[in-house]
Amino acid sequence: MRPRGHASHSPVLQSLVGAGVALLGLALAAGAFTIPSNAGYAGVGPNFLPWVVALALLTCGVRLFFKARRGGFRNMEEHTGEHPFWGGFAWLSAGLLLNAALITTIGFILSCTLCFVLAARGLRLAQDPLAKGWAPTVRDAGVGVLIAAPVFWAFTKFLGISLPGLTQTGWL
Amino acid sequence: MEVWNLLLQGFATAGTPVNLLWAFVGCALGTAVGVLPGIGPATAVAMLLPITSQVEATASMIFFAGIYYGAMYGGSTTSILLNTPGETATMVTAMEGNKMAKSGRAGAALATSAIGSLFAPMLAEFAVRLGPPEYFMLMVLAFTTVSAVLGQSTVRGLTALFIGLAMGLVGMDQITGQVRYTAGVPELLDGVEIVLVAVGLFAVAEAMHAVLFEGKVVETENRMSRVTMTLRDWKRSVPAWLRGTAIGAPFGCIPAGGTEIPTFLSYAVEKKLAKGDDLAEFGNAGAIEGVAGPEAANNATVTAAMIPLLTLGIPVSNTTAILLGAFQNYGIQPGPQLFTTSSALVWALIASLYIGNVMLLVLNLPMIGLWVKLLKVPKPQLYAGILIFATVGAYGMRQSAFDLYLLYAIGLLGLVMRRFNFPTAPVLVGMILGPLAEAQMRNAISIGEGSALIFVQRPISLGLLVLVVLILVLPRLLKARTPTLH
């Protein structure tokens with residue numbers, strides 16, 4: 001028997017996943033309505049595959065939903081960790097989203113350092129929720145710059161990939 | 001012989017100092033990402049895809065191939081040294097003394113490269129004669145095996161495949177230029193970048209999973225004990241390597257994908273052939289042929305997986321799917337014509353397989369201590385650092401901050417998929433191969449003058465169709481016939 005208690009084995013969550021897949025199928029089907037069929041010689045036009053995908057996802061979603069209702073997904077792997085740690089996840093998400101919001105204004109190096117610091121803080125809290133001190137975070141800022149700056153220089157100077165800088169100097 | 005000349009030319013191209021350096025950096029980087037948890041070869045290649053805009057095609061393909069093979073070696077090092085939670089400790093610790101048995105990987109890969117360099121041009125010559133209906137059916141075969149056969153659940157595999165196909169739909173249709181599913185966002189006109197999906201599904205989702213669920217997980221490390229092999233070990237390993245190569249190589253050549261089946265087969269064969277004391281070691285103290293055989297099979301499959309990619313243009317794994325994306329960035333479409341249009345590139349790539357595998361042998365055995373140190377990098381900094389590289393990959397491709405938001409969204413998708421055991425390979429294969437399959441299907445039906453009967457009128461296409469149906473139906477029939485245990 002499968003052990004109880006893991007979030008991924010919860011029938012409610014599994015049903016939600018199935019419903020989500022089915023909804024995605026419906027959304028794709030709604031989109032497929034707006035695509036003209038102008039098939040030409042091919043017999044099938046640009047709206048053919050969208051319909052196939054939409055209906056397939058709808059079918060899969062419904063099947064997943066009923067599997068979840070009737071005893072859950074089969075052959076699930078055993079997962080590590082019991083309860084999700086949302087606090088850490090919030091820090092990590094903040095890091096990623098602020099990076100997306102700020103990268104063009106404050107430049108790659110600073111933006112990525114910020115992402116690094118916030119993500120590392122989240123991961124550190126995940127390991128020990130009581131370690132709320134800021135000393136490791138200050139050190140992370142240093143480490144973050146030490147990773148982001150050489151990456152920035154390597155990619156922009158040697159590989160010629162344009163990444164946003166804070167200044168026009170090409171070094172920051 | 002013509003093949004020899006071409007191969008020699010390939011060695012001449014791959015052997016220039018610059019290309020050797022790319023191969024070396026690729027192998028070293030590949031080993032490092034293989035050793036580190038959180039990034040695999042697919043992610044590493046994906047994050048570095050932006051370099052295709054600057055670095056010349058041959059050099060970057062050699063580099064990517066190096067990462068691909070390097071990561072396989074690195075990954076096996078980690079699996080010996082770390083007791084990943086959930087895996088039975090005996091199995092892993094039993095492998096401890098058998099590190100050397102894994103060096104059979106190099107032999108298997110070299111032998112497969114040799115077979116492959118003779119076999120690939122023949123396959124390409126054959127493949128030239130295939131038309132759109134056959135190609136479409138081959139791609140359907142790849143879809144079926146990747147999604148329905150390799151995972152634990154057919155429904156979940158198919159769901160992942162169709163999510164990938166849906167992602168591939170976004171943007172302009174290849175044949176008519178019709179815009180689909182862009183929701184008015186101009187960034188989506190070109191479609192969703194493969195880098196974004198790969199990096200999001202693997203790297204970002206991995207970091208999210210780590211912060212949510214793995215904070216308290218403590219890994220235990222195994223100590224390396226003996227690293228030399230006795231004469232008896234050699235006697236037991238060499239035949240196992242040969243058998244493993246023979247089992248693995250054909251599996252890699254067909255567009256079906258997956259290393260699970262050949263490795264499992266090889267393990268079963270070795271167990272069957274073992275006698276007496278050797279047999280008693282299986283699943284107990286760790287039988288050396290039980291490591292050597294599957295390892296060789298695994299590597300032979302992985303090496304040979306380049307063959308369907310190059311000759312047919314059909315990827316069957318995450319990494320080969322991304323390599324196909326890299327080819328597309330250069331405007332090169334892998335397939336049978338590749339051997340005539342980009343012959344120099346193909347042969348340089350094949351030659352680099354030999355060079356790379358020799359390099360890996362040199363890098364791995366003496367330097368294992370160095371790689372082990374990589375495991376000491378603290379998790380928070382490791383995952384946070386991976387996110388920096390993920391940003392480079394995602395942003396560097398199109399210089400758009402929109403892509404970074406999309407990266408986050410795909411990370412969330414990857415997290416859900418990972419948590420509920422949806423396989424990720426079908427997403428990438430579906431996304432990359434989907435548009436190609438759609439074009440082949442529509443061309444095929446055009447040839448059939450608007451009739452889908454074209455797929456059953458041509459013998460090869462019909463044969464492939466029957467095979468696909470068998471793959472989908474047969475396991476169910478077998479299951480229905482065997483009485484259930486409940």
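Not measured: the values here are computed from a predicted model.

1. Details of the overall build of chain A
Inference 1: Counting its secondary structure elements, chain A contains four helices and zero strands.
Inference 2: Each helix and strand of chain A, placed in order from N terminus to C terminus, yields the pattern α-α-α-α.
Inference 3: When each of the 172 residues of chain A is scored for burial, the buried share is 35%.
Inference 4: Within chain A, contacts between residues at least 6 apart in sequence are counted, and of these 67% link residues at least 24 apart.

2. Some words on the overall build of chain B
Inference 1: For chain B, the count of helices and strands is 22 helices and four strands.
Inference 2: Residues classed as buried in chain B amount to 58% of the 486 residues present.

3. A short note on the nonpolar core
Inference 1: Formed by 196 residues in total, the largest nonpolar core has its most connected members in A:Ala119 and B:Val199.
Inference 2: The biggest single contributor to this core is helix α3 (residues 86-127) of chain A, with 20 residues.
Inference 3: Counting only domains with at least three residues in this core, you end up with domain 1 (7-69) and domain 2 (86-158) of chain A.
Inference 4: Once you skip the residues sitting within four places of it in the chain, B:Val199 turns out to touch B:Thr43, B:Ala46, B:Met47, B:Val204, B:Ala390, B:Gly393, B:Ala394 and B:Leu407.

4. Things to note about the interface of chain B and chain A
Inference 1: Listed as interface residues are 57 residues of chain B and, on the opposing side, 64 residues of chain A.
Inference 2: Those elements that place two or more of their residues in the side of chain B that touches chain A are α8 (154-169), α9 (194-213), α18 (379-398), α19 (402-419) and α20 (425-447) of chain B.
Inference 3: The element contributing the most residues to the side of chain B that touches chain A is α18(B), with 12 residues.
Inference 4: Looking at the side of chain B that touches chain A, its residues break down into 32 nonpolar, 17 polar and eight charged.

5. Side note on α20(B)
Residues and elements named next belong to chain B.
Inference 1: A rise of 1.5 Å per residue sets the reference length of α20, with its 23 residues, at 33 Å; its end C-alpha atoms lie 32 Å apart and thus fit the reference within 8%.
Inference 2: The axis of α20 is deflected most strongly, by about 45 degrees, at Leu-433, and proline Pro-435 appears within four residues downstream.
Inference 3: Most of α20 is tucked away, with 19 of its 23 residues classed as buried.

6. Comments concerning the confidence of the model for chain B
Inference 1: For chain B, per-residue confidence averages 80 on the pLDDT scale, and residues scoring 70 or more make up 83% of the total.
Inference 2: Counting interchain partners and residues more than four positions distant, the pLDDT-below-50 stretch residues 83-100 of chain B has 35 contacts.

7. Thoughts on the domain arrangement of chain A
Inference 1: When its domains are assigned, chain A resolves into domain 1 (7-69) and domain 2 (86-158).
Inference 2: A C-alpha centroid distance of 37 Å is found between domain 1 of chain A and domain 2 of chain A.

8. Thoughts on the environment of B:Leu406
Inference 1: Locating B:Leu406 in the fold gives a position in helix α19.
Inference 2: Remark: the alpha-carbon pair of B:Leu406 and B:Gly325, spanning 81 residues in sequence, is separated by 19 Å.

9. Remarks on α3(A)
Inference 1: Its 42 residues place the ends of α3(A) only 13 Å apart at the C-alpha level, less than the 62 Å of an ideal helix rising 1.5 Å per residue.
Inference 2: A maximum bend of about 135 degrees is found in α3(A) at A:Gly107.

10. Examining the packing of α9(B) against α19(B)
All names here are of chain B.
Inference 1: In the contact formed by α9 and α19, the axes pass within 7 Å of each other and the chain directions differ by 60 degrees. Crossing of α9 against α19: the hand is right-handed. Residue-level contacts link Leu-196, Val-197, Val-199, Gly-200, Leu-201, Phe-202, Val-204, Ala-205, Met-208 and His-209 of α9 to Asp-403, Leu-406, Leu-407, Tyr-408, Ile-410, Gly-411, Gly-414, Leu-415 and Arg-418 of α19.

11. Some remarks on the packing of helix α1 (residues 11-33) of chain A against helix α2 (residues 48-69) of chain A
Each pair of packed helices can be summarised by the angle the axes make with each other and by the distance between the axes.
All names here are of chain A.
Inference 1: Their axes nearest at 7 Å, the elements α1 and α2 cross at an angle of 165 degrees. It follows from the interaxial angle that α1 and α2 lie roughly antiparallel. Of the two possible hands of crossing, α1 and α2 adopt the one that is left-handed.
Inference 2: Residues that form the contact of α1 with α2 fall into these classes: 22 nonpolar, six polar and one charged.

12. Examining the environment of B:Leu265
Inference 1: Assignment of secondary structure puts B:Leu265 in helix α11 (residues 260-273).
Inference 2: As a C-alpha pair, B:Leu265 and B:Pro132 span 133 residues in sequence and 34 Å in three-dimensional space.

13. Points about the confidence of the model for chain A
Inference 1: On average, chain A scores 85 in pLDDT, and the residues at 70 or more come to 88%.
Inference 2: With pLDDT under 50 throughout, residues 1-5 of chain A is counted as low confidence; its partners more than four residues away or in other chains account for four contacts.

So, how was this worked out
- Residues numbered from 1 in each chain as written.
- Chains lettered and ligands numbered in written order.
- Predicted model: local features only at pLDDT ≥ 70, side-chain atom pairs only at ≥ 80, totals over all residues.
- Helix = DSSP H or I, 4+ residues; strand = E, 2+ residues; numbered from the N terminus.
- Buried ≥ 20, exposed ≤ 12 C-beta atoms within 10 Å, placed from the backbone.
- Contact = placed C-beta atoms within 7 Å.
- Core = buried A, V, L, I, M, F, W, Y, C linked by C-beta atoms within 7 Å.
- Domains from an automatic or database assignment.
- Nonpolar A, V, L, I, M, F, W, Y, C, P; charged D, E, K, R; others polar.
- Expected span 1.5 Å × (residues − 1).
- Bend = angle between axes of the 7 residues up to and from the residue.
- pLDDT = per-residue confidence, 0-100.
- Axes fitted to C-alpha atoms, helices over the stretch in contact; angles between N-to-C directions.
- Left-handed = near helix turned anticlockwise from the far one by under 90°.
- Parallel < 35°, antiparallel > 145°, perpendicular 65-115°, else oblique.

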